[in-house]
Amino acid sequence: MSDKTTASIAAEQQTAAAEAPAEVLPAVTLDELEQVDLGTVERGERAPFRITDDRCADWAIRKIAEERSEYNRLKELADQQKAAIEEKVEAARRRMENGTAFLTSCLADFFNTVPHKTTKTTEKYRLLSGTLTLKKGTVKAEVDDSKLVPWLRENGYGDLVKVEESAKWGELKKLLAYTGEIATIQSTGEIVEGVTAYETPATFTVDI
């Protein structure tokens, strides 16, 4: 059988199928329609029956309105409950933060009354349930390269300037001393422009 013959037969079959009368679904009564469990209906599912009178059509419209109203009621209830839950979680967060801050403050006061292990950067006091740790404050500096780089070059410290026009901070800070916010060269007392010193506060933590 040639391709043309096969195509012709297929076209005839499609035409016949298109011209064939569509399946006529049975009419549904109002009693039958009221027995349908909409909770079992899948999205896009077609009904095995058809509505054929005003009473059934009117019932279907009212049922759609009822379903939408029920959904809106449940959604509003869910939104209210979610809001209530979120409020409880927020209250729990505030309780935790306030209580933790209060007890941490009490432990910090206690920490100051007992001997503890001291290193260069921390002081610690160990207990069975955790360790009280005081991290010592350090002096840090903010660098303004637009002022610091020219100063370094003009004052004989050009070797501390990077090629990309930034200070060799790791090396420079070893030469510095601080008085308030002012940075100076330790050996000469020269005030270094472009460096502003500030002190970080000590921090107390409870490690568990």
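All values derive from a computational prediction rather than experimental measurement. Residue positions are given per chain, counting from 1 as you read along its sequence in written order. Note on the predicted model: pLDDT of at least 70 is required for a residue's local features to be given, and 80 or more for side-chain atom pairs to be given and counted; whole-chain, interface and lining totals, by contrast, use all residues. Working from all heavy atoms in the structure, the side-chain values ignore hydrogens and water.

Draft legend 1. Seen up close, the pairing of strand β7 (residues 191-199). For two strands to be treated as a pair, DSSP must find at least two bridges joining them. To qualify as a helix, a DSSP run of H or I must reach at least 4 residues; to qualify as a strand, a run of E must reach at least 2; elements of each kind are numbered from the N terminus. Taken together, the 5 bridges between strand β4 (residues 139-143) and β7 define a ladder with antiparallel strand orientation. Looking at the pairing, E142 lines up with T196 of β7. Between strand β6 (residues 182-185) and β7, which pair antiparallel in sequence order, lie 5 residues; one of them, G189, sits at a positive phi of approximately 80 degrees.

Draft legend 2. Expanded view of the pattern of salt bridges. Salt bridges are counted wherever a side-chain nitrogen of Lys or Arg sits within 4 Å of a carboxyl oxygen of Asp or Glu. Applying the stated criterion across every chain, the model contains 8 salt bridges. In this structure, E90 engages R94 in a salt bridge whose closest nitrogen and oxygen atoms are separated by 3.7 Å. A residue pair is termed a helical-turn pair when its members lie 3 or 4 positions apart in one helix, as E90 and R94 do in helix α3 (residues 54-111) at 4 residues. A residue is classified by how much of its surface remains accessible, and R94, at 41% relative accessible area, is partly exposed. Among the charged side chains, a salt-bridge network with shared partners connects E90, R93, R94 and E97. Working definition: with a 1.4 Å probe on protein chains only, accessible area under 20% of the residue-type maximum means buried, over 50% means exposed, and in between means partly exposed.

Draft legend 3. A look at the packing of aromatic side chains. Two rings from Phe, Tyr or Trp (for Trp, the six-membered ring) form a pair when their centres are within 6.5 Å of each other. A pair whose planes differ by under 30 degrees is stacked, one over 60 is edge-to-face, and the rest are tilted. Tallied over the full model, the rule gives 2 aromatic pairs. On the basis of an interplanar angle of 70 degrees and a centroid distance of 5.8 Å, the ring pair of F110 and Y125 is categorised as edge-to-face. Note that F110 is positioned in helix α3 and Y125 in strand β2 (residues 122-126), a separation of 15 residues in sequence. Taking the centre distance of 5.7 Å and the plane angle of 5 degrees together, the rings of W151 and Y157 count as stacked. A relative accessible area of 6% places W151 in the buried class. With relative accessibility at 15%, the residue Y157 sits in the buried group.

Draft legend 4. Expanded view of the side chain of T200. Within the secondary structure, T200 is located in the loop between β7 and β8 (203-207). Any pair of nitrogen or oxygen atoms within 3.5 Å is treated as a polar contact; in protein, a donor-acceptor pairing is required on top of that, and neighbouring residues in sequence qualify only through side-chain atoms on both sides. One polar contact links the side chain of T200 to the main-chain carbonyl oxygen of T138, over a distance of 2.8 Å.

Draft legend 5. Spotlight on the layout of surface pockets. Computed over the protein atoms alone on a 1 Å grid, cavities are sets of points where a 1.4 Å probe fits but cannot get out and pockets are open sets with protein on both sides within 12 Å along at least five of seven lines; a residue lines them when it has an atom within 4 Å of a point. Grid points are joined across faces, edges and corners, and a volume is the space filled by probe spheres set on the points. Looking at the largest pocket, its volume works out to about 450 Å³. Around the largest pocket, the lining comprises 16 residues; the ones closest to its centre are V36, L38, V41, A47 and F49. The leading source of residues in the lining of the largest pocket is α3, at 4 residues. Looking at the lining of the largest pocket residue by residue, the classes come out as 11 nonpolar, 1 polar and 4 charged. Only Asp, Glu, Lys and Arg are considered charged in this grouping, and only Ala, Val, Leu, Ile, Met, Phe, Trp, Tyr, Cys and Pro are considered nonpolar; every other residue, Gly among them, is considered polar.

Draft legend 6. Representation of the sheet that holds β7 in the model. Strand order in the open sheet formed by 4 strands is β4-β7-β6-β5, and the pairing between neighbours is antiparallel. Only two strands of the sheet have a single neighbouring strand rather than two, namely β4 and β5 (176-179). Between one strand axis and the next, the sheet turns by 45 degrees as a mean value, whatever way the strands run. Both β6 and β7 contribute to a ladder of 2 bridges, which runs antiparallel. For T184, the partnering residue across the bridge sits in β7 and is I191. Taken strand by strand, helix α4 (residues 145-154) contacts β4, β6 and β7, and its axis lies near 135 degrees from that of β7. Only C-alpha atoms enter the line fits that serve as axes; for helices the fit covers just the stretch in contact. Angles between N-to-C directions range over 0 to 180 degrees. Every residue pair with non-hydrogen atoms within 4.5 Å of one another is taken to be in contact.

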